[in-house]
Amino acid sequence: MPRASARSVRPVVFVEGVRTPFGRARPDGLYAHTRADDLAVKTVRELLRRHPELPPERIDEVAVAATTQSGDQGLTLGRTVGVLSGLPETVPGYAIDRMCAGAMTAVTTVASGIGVGGLDVALAGGVEHMGRHPMGFDADPNPRFVAERLVAADALNMGNTAENLHDRFPELTRERADAYGVASQEKYAAALAAGQIDPDLVYVATRDPERGWGLATADEPPRPGTRLEDVRDLKTPFRAGGRVTAATSAPLTDGAASCLLAAEDTAEELGLAARMRMVSFAYAGVDPAVMGIGPVPATQRALARAGLTIDDIGLFEVNEAFAVQVLAFLDAFGIADDDPRVNPYGGAIAVGHPLASSGVRLMTQLARQFAEQPDVRYGLTTMCVGLGQGGTVIWENPHHPEYDGVRPAATTTSGSAR
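Residues numbered from 1 in each chain as written. Predicted model: local features only at pLDDT ≥ 70, side-chain atom pairs only at ≥ 80, totals over all residues. Heavy atoms only, no water.

### Some words on unusual backbone geometry
In the Ramachandran plot, Thr-76 falls in the positive-phi region, its phi being about 50° despite a non-glycine side chain. Along the chain, the position of Thr-76 falls in the loop between strand S3 (61-65) and helix H2 (77-84). If you check the backbone angles, Leu-387 has positive phi at about 65° while not being a glycine. Residue placement: Leu-387 occurs in the loop between strand S11 (378-385) and strand S12 (389-396). The exposure class assigned to Leu-387 is partly exposed, which follows from its relative accessible area of 38%. (Helix = DSSP H or I, 4+ residues; strand = E, 2+ residues; numbered from the N terminus. Buried < 20%, exposed > 50% of the residue type's maximum accessible area, 1.4 Å probe, protein only.)

Set out below in structure tokens:
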């Protein structure tokens, strides 16, 4: 079946994204006593609050991702989150799963619906409460995976796949990974100090049986002040004498993120300012044993579909599941480890990676960077996916002089009311 021509697809714009502060997935973490679905509800309500020009009944779909769809992350999240957020009962919703790329897939799925005219406005996002629902918890992988050698036994453990990536590409040394992990912490701390993180956060009221009420206002995982000498001797938990450490891995995290998408003509009709326009997207499968290489073929496909090259991309938001995965991506495209275009605000090694929600965090940060750098026309968001996949979305900057769509409003530079 031939691919539809670009002229037959309605342009899709990213209006805004928000997220909760991210918490550590542990018994004393920010959200140890907070429901996962309530975190997602908080982000949807914040988007509605920020956009009073959008009649709630004009929302055509709510897609919410989670990797572990059970308990308070079950029950068709998109529908339950929509109802709990106060959307009209006429607004439908559904749940989606592509592990770490859950929210990314929610975005590209509803964008596809908008592109062909099935939707005009949609909400998409993801949530992961890894403290309650550890990755793989209660999962029952089919024994045929290993018995029939469809995948290597260690492909079901993400840390092992990161070690495998080090093995396959010896130039991806522990020293490079350590330096990258420290740089992620430094860049996040600088972005936080510059006021580039807080505007996209929605504060969350929390309650602890012993400590009482609290308010989550900042990300919990970052370790500011981390130095190379602090991480060189850290243990390698996935393999004795390995190279992957806590300093080069995203911590286990709780959190949620959501965004508002619309057809460009509908955005203009409703007065919704575009922060980004979707150009193309692609997913690709790879050997599950080295799942971290997935962003490379996904990006190659997305670039080909857009008629662009890697040299056209001025900003990169690459999910930092592991430092080695980002380094493999950079090497594949001839990009330096310290290229300022890559993760300017730091990444998941610092801020955390609540699996299915991270795709929207990447997009939200890219949108803010577009506003700061109007000379950059194209950027991308990309991530690896468990069991051997990668996903990439390419975006266009509406602040760029050559952009011909709906122009954005003035950028918010300070934290919003909650």
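### Description of the nonpolar core
Ranked by internal contacts, the top residues of the largest apolar core, which has 41 residues, are Phe-14, Val-107, Leu-261, Met-276, Met-363 and Trp-395. With 7 residues, the top contributor of residues to this core is helix H3 (residues 102-115). Counting 37 residues, the second largest nonpolar core, distinct from the first, contains Met-158, Leu-327, Leu-380 and Ile-394. (Core = buried A, V, L, I, M, F, W, Y, C linked by side-chain atoms within 4.5 Å.)

### Some details on the UniProt feature "active site" (unreviewed entry) in the protein
When the UniProt feature table is mapped to this numbering, "active site" (unreviewed entry) covers Cys-100, His-353 and Cys-384. Taken together, the annotated residues stretch across 285 residues yet fold into one region, lying no more than 12.0 Å apart by C-alpha. Checked against the element boundaries, His-353 lands in the loop between helix H11 (348-351) and helix H12 (358-372). Ignoring sequence-local partners within four residues, the contact set of His-353 consists of Cys-100, Met-130, Ala-250, Pro-251, Thr-253, Asn-319, Ala-321, Ala-348, Ser-358 and Met-383. Looking at the element boundaries, Cys-384 is found in strand S11. With near-sequence residues (within four places) excluded, Cys-384 lies in contact with Cys-100, Met-291, Gly-292, Pro-295, Ala-321, Gln-325, Gln-389 and Gly-390. (UniProt positions renumbered as here; feature names shortened; annotations may be inferred. Contact = heavy atoms within 4.5 Å.)

### Comments concerning the UniProt feature "domain: Thiolase C-terminal" (unreviewed entry) in the protein
This chain's UniProt record puts "domain: Thiolase C-terminal" (unreviewed entry) on residues 276-396. End-to-end, the C-alpha atoms of residues 276-396 are 6 Å apart, and along that stretch the chain is 34% helix and 26% strand.

### Thoughts on the packing of H3 against H12
Relative to each other, H3 and H12 sit at 70°, their axes nearing to 5 Å. The angle between the axes of H3 and H12 places the two elements in the roughly perpendicular class. Touching Ala-103, Met-104 and Val-107 of H3 are Gly-359, Val-360 and Met-363, all from H12. For the contact of H3 with H12, the residue count by class is 5 nonpolar, 1 polar and no charged. (Axes fitted to C-alpha atoms, helices over the stretch in contact; angles between N-to-C directions. Parallel < 35°, antiparallel > 145°, perpendicular 65-115°, else oblique. Nonpolar A, V, L, I, M, F, W, Y, C, P; charged D, E, K, R; others polar.)

### Side note on the confidence of the model for the protein
Here the protein shows a mean pLDDT of 94. Residues at 70 or above account for 96%. Counting interchain partners and residues more than four positions distant, the pLDDT-below-50 stretch residues 1-6 has 1 contact. Predicted confidence is poor over residues 411-418, with pLDDT under 50, and the contacts of this stretch with residues over four places away or in other chains come to 23 contacts. (pLDDT = per-residue confidence, 0-100.)

### Some details on the packing of aromatic side chains
Across all of its chains, the model carries 5 aromatic pairs by this definition. Each ring, one from Phe-238 and one from Phe-322, has its centre 6.4 Å from the other, and the planes form 85°; the classification is edge-to-face. Of this pair, Phe-238 sits in the loop between helix H7 (228-231) and strand S8 (253-263) while Phe-322 sits in the loop between strand S10 (313-318) and helix H10 (323-332), and the two are 84 residues apart along the sequence. Taken together, the ring pairs in this structure connect Phe-316, Phe-329 and Phe-333 into an aromatic cluster. Above the ring of Phe-22, the side-chain terminus of Arg-19 is found at 4.4 Å from the ring centroid. One residue, Arg-98, lies across the ring of Tyr-283, its end atom 3.7 Å from the ring centre. (Phe/Tyr/Trp six-rings, centres within 6.5 Å; stacked < 30°, edge-to-face > 60°. Lys NZ or Arg CZ within 6 Å of the ring centre and 35° of its normal.)

### Some points on H10
The buried fraction of H10 is high, at 8 of 10 residues. Lining the buried residues of H10 we find helix H5 (158-168), helix H6 (174-193), helix H9 (295-306), S10, H11 and S11. Just downstream of H10, Gly-334 is the residue with a positive phi angle, here 70°.

### Looking at H5
Counting buried residues in H5 gives 9 out of 11 residues, a clear majority hidden from the surface. Those residues of H5 lying buried are Met-158, Gly-159, Asn-160, Thr-161, Ala-162, Glu-163, Asn-164, Leu-165 and His-166. Against H6 and H10 lie the buried residues of H5. Sitting at the amino-terminal end of H5 is Asn-157, which places a side-chain oxygen 2.9 Å from the backbone nitrogen of Gly-159. (Polar contact = N/O pair within 3.5 Å; in protein donor to acceptor, adjacent residues only side chain to side chain.)

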